[in-house]
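Below are the chains, spelled out letter by letter.
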Amino acid sequence: MKATEARLLEFLKKSPQFVIPIYQRTYSWRVRECRQLWDDIVRTGKNDAISAHFVGSIVYIERGLYQVSSQSSLLVIDGQQRLTTVMLILEALARHLGDEEPVAGFSAKKLRNYYLLNSLEEGERGFKLILTQTDKQSLLALLQQKPQPTEHSIRIADNFAFFENQVARLGDDLTHLCKGMAKLVIVDIALNRDQDNPQLIFESMNSTGRELSQADLIRNFILMGLDTNQQQRLYKEHWRPMEVAFGQEAYGKHFDRFMRHYLTLKTGEIPKIRAVYEAFKRHARTPEVVEAGVEVIVADIHTYAGYYCAMALGKEQNRDLAEAFRYLRQLKVDVTFPLLLELYRDYDQEQLPTEDFIQAVQLVEAYLFRRAVCAIPTNSHNKTFATFGRSLRKGLYIESIKAHFMSMGSYRRFPTDREFVKELFRRDLYNFSRRSYWLRRLENHGRKELVPVDEYTIEHILPQNENLSAEWKEELGPEWQRVQKTWLHTLGNLTLTGYNTEYSDRTFAEKRDMPGGFRESPLRLNQGLGSQETWNEDAIRQRALRLAKQALQVWAQPSISIEAWDAFIVEDDQPPVYTLDHHTHLRPGSLMRPLFDRLRKEVMDLDPCVTEEVLKLYVAFKAETNFVDVVPQKNRLRLSLNMSFHELHDPREIAKDVTNIGRWGNGDVEVILRTLEDLPYIMGLIRQSFEKQIGNGTTEA
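Residues numbered from 1 in each chain as written. Predicted model: local features only at pLDDT ≥ 70, side-chain atom pairs only at ≥ 80, totals over all residues. Heavy atoms only, no water.

Trainee: Tell me about the overall build of the chain, and name the residues and values.
Mentor: Helices and strands together make up the secondary structure of the chain, namely 29 helices and 14 strands. What you see for the chain is a C-alpha radius of gyration of 33 Å, clearly larger than the 27 Å of a compact globule of 701 residues, by over 25%. Dimensions of the chain, computed from the C-alpha atoms along their principal axes, are close to 95 × 80 × 55 Å. Here the chain holds 701 residues, and the buried ones make up 52% of them. Across the chain, contacts joining residues at least 24 apart in sequence account for 70% of those joining residues at least 6 apart. Total accessible area on the chain stands at roughly 33600 Å², and carbon and sulfur atoms take up 47% of it. (Helix = DSSP H or I, 4+ residues; strand = E, 2+ residues; numbered from the N terminus. Rg over C-alpha atoms; globule rule 2.2 N^0.38 Å. Buried < 20%, exposed > 50% of the residue type's maximum accessible area, 1.4 Å probe, protein only. Contact = heavy atoms within 4.5 Å. Areas by Shrake-Rupley, 256 points an atom, 1.4 Å probe, with all protein chains shown as cover.)

Below, the structure is given as structure tokens:
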């Protein structure tokens, strides 16, 4: 590696051509970064006391001799964002300069021939900077003063428009801008292909503090080590189509998330979003992937990216499937995608019929919405959908999905009809984060011609105004305040209307009978309101019951026949049932029983999902599985925490690492409880094991 300080414009002048390799990210600077650079340039140009302004490094490999004196193109490893942005500024400046030079060396002709173009070369060799794909055509069009192509680079076009506007605002006084441009300094870093590792350098680089995305790193990891022909072919056949499918704006936002779900499906482990690249490298280096080769893994990613775009970005062609995906997207629970990607693969390979796929998506939707209504914590969703595929039986596909949903208990349960209706009936659904979703879903269920619900607003039939009119108070009865407080934001009192302003706080009869009122409403949600004589507590309750029954059809609970259930549930001989009395040291009157009872209460109070199971040799407390096991002994309770020892925060250092040591109980942590005084601290350790299990050590971000 050879690094030298250089004036940026001099560096551009003596360099033959910069080429951005296909494995590099596209131009990604936004107006915010451009404005910062612009302000720095103008400020530097105005201050004669400042001799230079450092803008970062340009790291490159030369195809030939690795020196800038050669006429070979320079492959840019880092610095694309700065180079491209400076080119845009120079082009905007050249369009406002004539033959006169406000600063020596700054005329339109010199800017173009020194820094933007290679005037004696033909074709692409005639340009100082060659970007990739959409960026390339957009930049070349600018430098030739031609219209932008139809599929142009949004960032190139927006940023050039910004700079052209900024230059125009300076009027005829371009001196400070020219001086500032002349003061820009870089570190010129030339790499030796035989001695330097471009991959490691690429991973460590960022532009103005903007980290390389996981997608950038993955693309580079796959393509950089290949020969040029293979790079071009894989990029053209697989990576470029993915970029186009995601779109310029969505690629940066969604590709990292897609790769997280892809890796979860492939490995069974959920990487954190900022560690997707590291997880991919581990996956790519496994023997089976190495044996399959780079062609296979790139093609596989391409295939699954197509599935993801269909589901997550609204690109599904099948109308009925597209509708199912659209409703699911509105719940904004991305962690379902490891399961959905597997389902889509089997659908694509004709192992899963379209009707069953739609039903499976609707079951996932119902599971998520029912749990949201019932306020069940979401921290189990990651693990639920990461491991769901293990329960699929491809010969009995939809039955296995239903059976798995039905078999999940505790905090991962599929809420029953009774639980769902109870919560739906009394829940504040107006301040519910998914209120537009559930109204849209109820209204359009079973419709072939969908109602554009977004054109309507939510209406409280009984008004929100605390100062109700005398007519409303009379209609509600002497307990009108309680009725309003209890039922105002609930299912029975909410509907949709296009006449929200006209309705205002009018009486129910006026809302019903006015032009466009409930009698004339075409919405299904308003059915029955036209024939309602009065609006009081009983009327609200009755409407809520009717809508709740409809909700049971929209968000249906899974059900299968007894015969199908038997195919998934194998009944073994019933194991023996143990009670606390089977444990000598927990029998009434024993020394440890009072301490155990206090511990038991504290553990059970952690969460309603916690259950107790008395086994022959210990007592297990479970969320999804055991998180603490208690082995009763004569003068103490020996606790096993089901987590890795290094993950435990134990300031007092009372826990013991029992990894790979045989003993009763689960986990690598042993803790001894002897007295009530130690219980609060030890509960803090137990809580860590519980929270790790229900959260799976990850977030949904």
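Trainee: Quick one: what's the story with the packing of helix H28 (residues 593–604) against helix H29 (residues 679–695), residue by residue and with numbers?
Mentor: Contact geometry of H28 with H29 gives a least axis separation of 11 Å together with a crossing angle of 40°. As summarised for this structure, H28 and H29 are arranged oblique, according to the angle between their axes. Relative to H29, H28 is oriented so that their crossing is right-handed. Within the contact between the two elements, H28 uses Arg598, Leu599, Glu602 and Val603 and H29 uses Leu679, Met683 and Ile686. For the contact of H28 with H29, the per-class residue count stands at 5 nonpolar, no polar and 2 charged. (Axes fitted to C-alpha atoms, helices over the stretch in contact; angles between N-to-C directions. Parallel < 35°, antiparallel > 145°, perpendicular 65-115°, else oblique. Left-handed = near helix turned anticlockwise from the far one by under 90°. Nonpolar A, V, L, I, M, F, W, Y, C, P; charged D, E, K, R; others polar.)

Trainee: I'd like to hear about the packing of aromatic side chains, residue by residue, with values.
Mentor: According to the stated counting rule, one finds 40 aromatic pairs in the structure shown. Arranged with centres 6.2 Å apart and planes meeting at 40°, the rings of Trp38 and Phe163 form a pair that is tilted. Residue Trp38 is located in helix H2 (residues 31–46), and its partner Phe163 is located in helix H6 (residues 154–169); the two are separated by 125 residues in the primary sequence. By the burial criterion, Trp38 is buried, and Phe163 matches it. Ring centres 6.5 Å apart and planes at 40° place the aromatic pair Phe596 and Phe621 in the tilted group. With Phe596 in helix H28 and Phe621 in strand S10 (residues 619–622), this residue pair connects regions lying 25 residues apart in the sequence. Neither residue differs from the other here; Phe596 and Phe621 are each classed as buried. A cation over an aromatic ring shows up here: Arg326 above the ring of Tyr327, its NZ or CZ 5.9 Å from the ring centre. The residue whose ring lies beneath Arg441 is Tyr327, and the NZ or CZ to ring-centre distance is 4.2 Å. (Phe/Tyr/Trp six-rings, centres within 6.5 Å; stacked < 30°, edge-to-face > 60°. Lys NZ or Arg CZ within 6 Å of the ring centre and 35° of its normal.)

Trainee: Residues and numbers for empty space enclosed by the protein, please.
Mentor: In total, this model carries 3 cavities of 30 Å³ or more according to the counting rule given. Roughly 40 Å³ of volume is contained in the second largest cavity. Secondary structure elements with two or more residues in the lining of the second largest cavity: helix H11 (248–267) and helix H18 (381–386). Here the element with the most residues in the lining of the second largest cavity is H11; it accounts for 3 residues. Per-class residue counts for the lining of the second largest cavity are 4 nonpolar, 3 polar and 1 charged. (1 Å grid on protein atoms, 1.4 Å probe; cavity = no way out; pocket = protein on both sides within 12 Å on 5 of 7 lines; lining within 4 Å. Points joined across faces, edges and corners; volume = space filled by probe spheres on them.)

Trainee: Can you tell me about the sheet that holds strand S11 (residues 626–632), naming the residues and giving the values?
Mentor: In spatial order, the strands read S9-S10-S11-S12-S14-S13; together these 6 strands make up an open sheet with antiparallel pairing. Lying at the two open borders of the sheet, with one neighbouring strand each, are strand S9 (611–614) and strand S13 (656–657). Relative to strand S14 (residues 669–673), strand S12 (residues 637–641) runs antiparallel, the two sharing 5 bridges. Considered in S14, the bridge of Arg638 is made with Ile672. Sitting on the sheet, H29 is in contact with S11, S12 and S14, with an inclination near 140° to S11. (Pairing = 2+ DSSP bridges.)

Trainee: Could you give me a rundown of the environment of Leu341, with the residues and numbers involved?
Mentor: With respect to the helices, strands and loops of the structure, Leu341 is situated in helix H16 (residues 337–348). Measuring from C-alpha to C-alpha, the distance between Leu341 and Arg512 comes to 48 Å, with 171 residues separating the pair along the chain. Once you skip the residues sitting within four places of it in the chain, Leu341 turns out to touch His261, Tyr262, Leu265, Tyr304, Tyr307, Tyr308 and Met311.

Trainee: Tell me about the environment of Asn635, residues and numbers included.
Mentor: Inspection of the secondary structure assignment puts Asn635 in the loop between S11 and S12. For Asn635, a relative accessible area of 47% translates into the label partly exposed. Taking the C-alpha atoms as reference points, Asn635 and Ser590, 45 residues apart in sequence, are found 9.7 Å from one another. In this structure Asn635 touches Leu591, Met592 and Arg674, once residues within four positions along its chain are discounted.

Trainee: I'd like a rundown of the pattern of salt bridges, residues and numbers included.
Mentor: Across all of its chains, the model carries 36 salt bridges by this definition. Across the pair Arg82 and Asp78 runs a salt bridge, and its minimum N-O distance is 3.1 Å. Each of the two residues, Arg82 as well as Asp78, counts as buried. Linking Arg519 and Asp513 is a salt bridge whose minimum nitrogen-to-oxygen distance equals 2.6 Å. Overall, the relative accessible area of 40% leaves Asp513 in the partly exposed class. Each of Glu91, Arg95, Arg112 and Glu164 takes part in a single network of salt bridges with overlapping partners. (Salt bridge = Lys/Arg side-chain N within 4 Å of Asp/Glu carboxyl O.)

Trainee: An account of helix H15 (residues 319–329) is needed here, citing residue identities and associated values.
Mentor: It helps to recall that an α-helix has 3.6 residues per turn; residues three or four apart then point in one direction. For H15, every residue scored as buried is listed here: Leu321, Ala322, Ala324, Phe325, Tyr327 and Leu328. Buried-residue contacts for H15 involve helix H14 (294–312), H16, helix H17 (354–373) and helix H21 (435–444).

Trainee: Residues and numbers for the packing of H2 against helix H7 (residues 175–182), please.
Mentor: A pair of packed helices can be characterised by two numbers: the angle between their axes and the separation between those axes. At a closest axis distance of 7 Å, the pairing of H2 and H7 adopts a crossing angle of 100°. Put simply, H2 runs roughly perpendicular to H7. Packed against H2, whose contacting residues are Trp38, Ile41, Gly45 and Lys46, the element H7 presents His176, Leu177, Lys179, Gly180 and Met181 at the interface. In terms of residue class, the contact of H2 with H7 is built from 4 nonpolar, 3 polar and 2 charged.

Trainee: Break down the environment of Ile186 for me, citing the residues and quoting the values.
Mentor: Position of Ile186 relative to the elements: it lies in strand S6 (residues 184–191). Given the relative accessible area of 0%, Ile186 is considered buried. Counting along the chain gives 367 residues from Ile186 to Gln553, while the straight-line C-alpha distance between them is 65 Å. If we skip the residues at most four places from it in the chain, Ile186 touches Thr4, Glu5, Ala6, Leu8, Phe11, Phe54, Val55, Gly56 and Ile58.

Trainee: Could you give an account of the confidence of the model for the chain, naming the residues involved and the relevant values?
Mentor: Across the chain, the average pLDDT comes to 87, with 93% of residues at 70 or higher. When the criterion is pLDDT under 50, residues 64–70 qualifies, and its contacts beyond four places in sequence or with other chains add up to 16 contacts. Overall, residues 206–210 carries pLDDT values under 50, and its contacts beyond four positions in sequence, including any with other chains, amount to 17 contacts. (pLDDT = per-residue confidence, 0-100.)

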